[in-house]
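Examination of the molecular architecture
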Amino acid sequence: MSRPKTAVVVGATNGIGKAISCRLAQDGFKIIAVGRDKEGRKDEVLNFLQQCSASGENGDGDGASSKDSSNCVQHEFRACNAFELSQVKSCAQGILCDIENNSGIDALVMTQGMATIQSFTPTSEGNDEKLTLHYWSRAAFTLCLLPALRLSSNNVMPGGPVVLSVLSGGVHKPYKKYSEDPELKKDYSIPNAADFAGYYNDLFFDKLACHSANSNINFVHSAPGIVASNWGTEMPVWLRMPIRGMQKVMGKSPKKCASYMAKPILDCAKGEIGLEFPDEEKEKGLYIMKEDATSGKLTKGHTAEAMESVWDTTKDVLGRAGIELQE
């Protein structure tokens, strides 16, 4: 019997990440769920994922089930505080060590995040909390897990493995001060932080996608749109209440959102990814995906010079946590 498809989902304990992990489990994926730990969380997550697998077997999911493998799938939970890049490195290394027979990882989904109005708030490593969740930790998880992603088999994922960063693909503006304020320590604001994270996701993952060693990997930066999830929990009450009202009126359910966000992964498990490159002249690069799972466009300012600058900055920040970037 062939091994089950394997997906690492960071942020799998709540919201969009939880819904995506369920959707993939329904399709027969083994889920390695990564999230913050608390008492009883491991059992809670694993029980939830087993129920999702069972709903796929019984035909209760949104898509086709994988009865040949779902009966034996054993999901996992890995505790990780993604605010700390050293913990990200340790968590990823643990996943690599425990993967049986070097069988590879077929999808990496990253949804970790926070919504606050706080100013630059340093972690113990000196990086901003919000930027760490929205960018630095995503770059770190990807780099650490690349060896396993490169081992994904065409027999399991005919369309190739997928790295999916769910944030603001095609929605954010360019962050223009990537050279003079590369870590956003001088001119921090909520709009700048949002544009910084989205812009850096674009440039970094496009750089990885163009590397010859990653030719079999599909890199996707998506925007989920408005979702009726627990997004905004960290906001003050006077902001959180209108946000909840907007989510109720305009937002899609996490389950509906997951059906769109998981689509490139499910498509690659069957054949081709179903997205088009935003740059028609490039044969390889980053995919931008809209909230309805259709192809999007890159932000203006997506240049080779900016890409190299962001790469060098990321190399410095991750290097301080002992994570090495290689060309």
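Look up a bit, the structure's there.
Residues numbered from 1 in each chain as written. Predicted model: local features only at pLDDT ≥ 70, side-chain atom pairs only at ≥ 80, totals over all residues. Heavy atoms only, no water.

1. Quick word on the overall build of the protein
Looking only at helices and strands, the protein has ten helices and seven strands in total. Residues classed as buried in the protein amount to 54% of the 327 residues present. Summarising the internal contacts of the protein: among those between residues at least 6 apart in sequence, 76% fall at separations of at least 24. By element, 49% of the accessible surface of the protein is carried by carbon and sulfur atoms, the whole surface being about 14400 Å². (Helix = DSSP H or I, 4+ residues; strand = E, 2+ residues; numbered from the N terminus. Buried < 20%, exposed > 50% of the residue type's maximum accessible area, 1.4 Å probe, protein only. Contact = heavy atoms within 4.5 Å. Areas by Shrake-Rupley, 256 points an atom, 1.4 Å probe, with all protein chains shown as cover.)

2. Quick look at the sheet that holds strand E7 (residues 287-289)
Pairing within the open sheet is parallel, and its seven strands lie in the order E3-E2-E1-E4-E5-E6-E7. Edge positions in the open sheet fall to strand E3 (76-79) and E7, since each of these has one partner strand only. Within this sheet the neighbouring strands show an average axis-to-axis angle of 15°, counted without direction. When strand E1 (residues 6-10) meets strand E4 (residues 107-110), the two strands line up parallel, connected through four bridges. Note that in E4 the partner of Val10 across the bridge is Met110. (Pairing = 2+ DSSP bridges. Axes fitted to C-alpha atoms, helices over the stretch in contact; angles between N-to-C directions.)

3. Overview of the packing of aromatic side chains
This model, assessed by the stated rule, comprises 14 aromatic pairs. Among the aromatic residues, those joined into a cluster by ring pairs are Tyr135, Trp136, Tyr175, Phe196, Tyr200, Phe204, Phe205, Phe219 and Trp311. If you follow Lys18 out to its NZ or CZ, it ends over the ring of Phe48, 4.7 Å from the centre. Cation over ring: Lys207 sits above Trp311, and NZ or CZ is 5.4 Å from the ring centre. (Phe/Tyr/Trp six-rings, centres within 6.5 Å; stacked < 30°, edge-to-face > 60°. Lys NZ or Arg CZ within 6 Å of the ring centre and 35° of its normal.)

4. Considerations on helix H4 (residues 85-98)
For H4, spanning 14 residues, the distance from its first C-alpha to its last is 20 Å, which sits close to the expected 20 Å at 1.5 Å a residue. Within H4, the full set of buried residues consists of Leu85, Val88, Cys91, Ala92 and Ile95. Buried residues of H4, seen end-on, are gathered within an arc of 120° and therefore sit on one face of the element. If you follow the buried residues of H4, they end up packed against E1, strand E2 (30-35), E3, helix H5 (129-149) and helix H10 (304-319). (Expected span 1.5 Å × (residues − 1). Arc of directions from axis to C-beta.)

5. Brief notes about the state of the cysteines
Scanning the model with the defined rule gives one disulfide in all. Cys22 shares a disulfide with Cys52; S-S distance 2.1 Å. Sign of the S-S torsion, about -105° for the bond between Cys22 and Cys52, identifies this disulfide as left-handed. Here Cys22 is found in helix H1 (residues 15-26), whereas its partner Cys52 is found in helix H2 (residues 41-57), with 30 residues between them in sequence. For the pair shown, Cys22 and Cys52 are each scored as buried. (Disulfide = S-S within 2.5 Å.)

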